[in-house]
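# Remarks on the overall topology
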Amino acid sequence: METTEPESTAVADRLLTSSLRTSYDPVVEIDWDAPHTPGAYWLPPHRSSLYGTPLWSGLTEEQRVELTKHEVASAASAGLWFETILMQMLIRQYYDDDPTSRHAQYALTEVADECRHSIMFGRLIEAMGCPVYRASAVDHWLGRFLKTTASGPRMYAAILIAEEILDAFQREIMADESLQPLIRMVSRIHVVEEARHVRFARDELARQVAAAGPVGMAYARLLIGRAAYTIANRLVHPSAYAAVGIAPQVGRAAARANPHWQATLRWSAARVHAHLADAGLVAGPGRLLWVRAGLI
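Parameters at a glance
- Residues numbered from 1 in each chain as written.
- Predicted model: local features only at pLDDT ≥ 70, side-chain atom pairs only at ≥ 80, totals over all residues.
- Heavy atoms only, no water.
- Buried < 20%, exposed > 50% of the residue type's maximum accessible area, 1.4 Å probe, protein only.
- Helix = DSSP H or I, 4+ residues; strand = E, 2+ residues; numbered from the N terminus.
- Arc of directions from axis to C-beta.
- Contact = heavy atoms within 4.5 Å.
- Axes fitted to C-alpha atoms, helices over the stretch in contact; angles between N-to-C directions.
- Parallel < 35°, antiparallel > 145°, perpendicular 65-115°, else oblique.
- Left-handed = near helix turned anticlockwise from the far one by under 90°.
- Nonpolar A, V, L, I, M, F, W, Y, C, P; charged D, E, K, R; others polar.
- Core = buried A, V, L, I, M, F, W, Y, C linked by side-chain atoms within 4.5 Å.
- Expected span 1.5 Å × (residues − 1).
- Polar contact = N/O pair within 3.5 Å; in protein donor to acceptor, adjacent residues only side chain to side chain.
- Salt bridge = Lys/Arg side-chain N within 4 Å of Asp/Glu carboxyl O.

The subject of this paragraph is helix H10 (residues 248-257). Among all positions in H10, only Gly251, Arg252, Ala254 and Ala255 are buried. Projected down its long axis, H10 carries its buried residues within an arc of 165°, all on one side. Of the residues in H10, the exposed ones pointing more than 90 degrees away from the buried face are Gln249, Arg256 and Ala257. Tucked into the core, H10 has its buried residues touching helix H3 (54-57), helix H9 (214-234) and helix H11 (259-278).

Two quantities define a packed helix pair, namely the angle between the axes and the distance from one axis to the other. Helix H8 (residues 181-211) packs onto helix H5 (residues 102-128) with a crossing angle of 150° between their chain directions and a minimal axis gap of 11 Å. The angle between H5 and H8 falls in the class roughly antiparallel. The handedness of the crossing between H5 and H8 comes out as left-handed. Along the contact surface, H5 presents His103, Tyr106, Glu110, Asp113, Glu114, Arg116, His117, Met120, Phe121, Leu124 and Ala127, while H8 presents Leu182, Ile183, Val186, Ile189, His190, Glu193, Glu194, Arg196, His197, Phe200, Glu204 and Arg207. Counted by class, the contact of H5 with H8 contains 10 nonpolar, four polar and nine charged residues.

Let us now look at the nonpolar core. Grouped together as the largest cluster of nonpolar side chains are 88 residues, with contacts concentrated most on Phe82, Leu124, Ile161, Val186, Leu276, Leu281 and Leu295. The leading source of residues in this core is helix H4 (residues 61-96), at 14 residues. Other than its neighbours up to four places away in sequence, Val186 contacts Ile30, Trp32, Met120, Phe121 and Leu124.

For the rest of this paragraph, the subject is helix H6 (residues 137-149). The first and last C-alpha atoms of H6 sit 18 Å apart over 13 residues, in line with the 18 Å expected at 1.5 Å per residue. Residues of H6 that are buried: Asp139, Gly143, Leu146 and Lys147. On an axial view of H6, the arc spanned by its buried residues comes to 90°, and they lie on one face. For H6, the exposed residues set more than 90 degrees away from the buried face come down to Ala137, Val138 and Trp141. Contacts made by the buried residues of H6 are with H4, helix H7 (152-174) and H9.

At a closest axis distance of 11 Å, the pairing of H4 and H7 adopts a crossing angle of 150°. By the criterion of interaxial angle, the relationship of H4 to H7 is roughly antiparallel. Crossing of H4 against H7: the hand is left-handed. Contacts between H4 and H7 involve Ala75, Gly79, Phe82, Leu86, Met89, Leu90 and Gln93 from the former and Met155, Tyr156, Ala158, Ile159, Ala162, Glu163 and Leu166 from the latter.

Before going further, it helps to spend a moment on the side chain of Asp113. By secondary structure assignment, the location of Asp113 is in helix H5. Polar side-chain contacts of Asp113 include one of 2.8 Å to the side chain of His197. If sequence neighbours within four positions are ignored, Asp113 has contacts with Ser23, Tyr106, Glu193, Arg196 and His197.

Take the pattern of salt bridges next. If the charged atoms of two oppositely charged side chains come close together, the side chains can form a pair. Going through the model one piece at a time under the given rule, you end up with 12 salt bridges. Here Arg116 ties to Asp113 by a salt bridge, and the two come within 2.5 Å at their closest N and O atoms. With Arg116 and Asp113 both in helix H5 and three residues apart, this pair spans about one turn of that helix. Through salt bridges with shared partners, a single network forms among Asp113, Arg116, Glu193 and Arg196.

Have a look at this one:
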């Protein structure tokens, strides 16, 4: 898994070139005023957290569509929350880097991408007419702690967890022509640009793991487990269920017990879990948090 400095510089060079070829301005590329397609879901129904439950059976078709809309708004809100953390982590690292290096220059390029993505998710939530589903006070504090202190393996592993879990959903969404065109376009832009971010984070993670000692790795496993737990629990905010007349805690309890949703969580995390486990970053007490989150 280890990468050498010349290899890593070559990766950053390729990503900078790719960024020149395929970067998007969502304010320009997306028709935010286009009417929504009547009756079209915002996410494949089988990926809804309540799919297959008695609560789902009790909803009208219109309510099911509405629920997926609010679930997407919740995931977008979680994406906004984490991208704000990610940008601050990258800028904090850049502060100590050589600004002439390709690593530093790509980190700034990624921050620019994430600025546009944050605008895109904000516009998406606005266009859907949904509220911003904000992090709890505890998660808000944990995010502040992460963006202020995370470095080394725990920084890049946390980035990969958030990006790859959302990416799994978005790759499926952008390929499903039955869904709302707006969410398919948002997903397509995000998938294309996040592919570069994932490549960069994987490369950086390999270097950081190679340099970490046993104590640093043990701490990283625990923090990474907590990040996985928090991100999984942020995907669907309990208040999203209120949009279709379901009490938030009733909806959350049903989702947690729902084997379809449990399978979806494992599906969304399969790729990143395999990568981090191979790097020795999913073990011990931290692994229990992955299990509690339903990701493995």
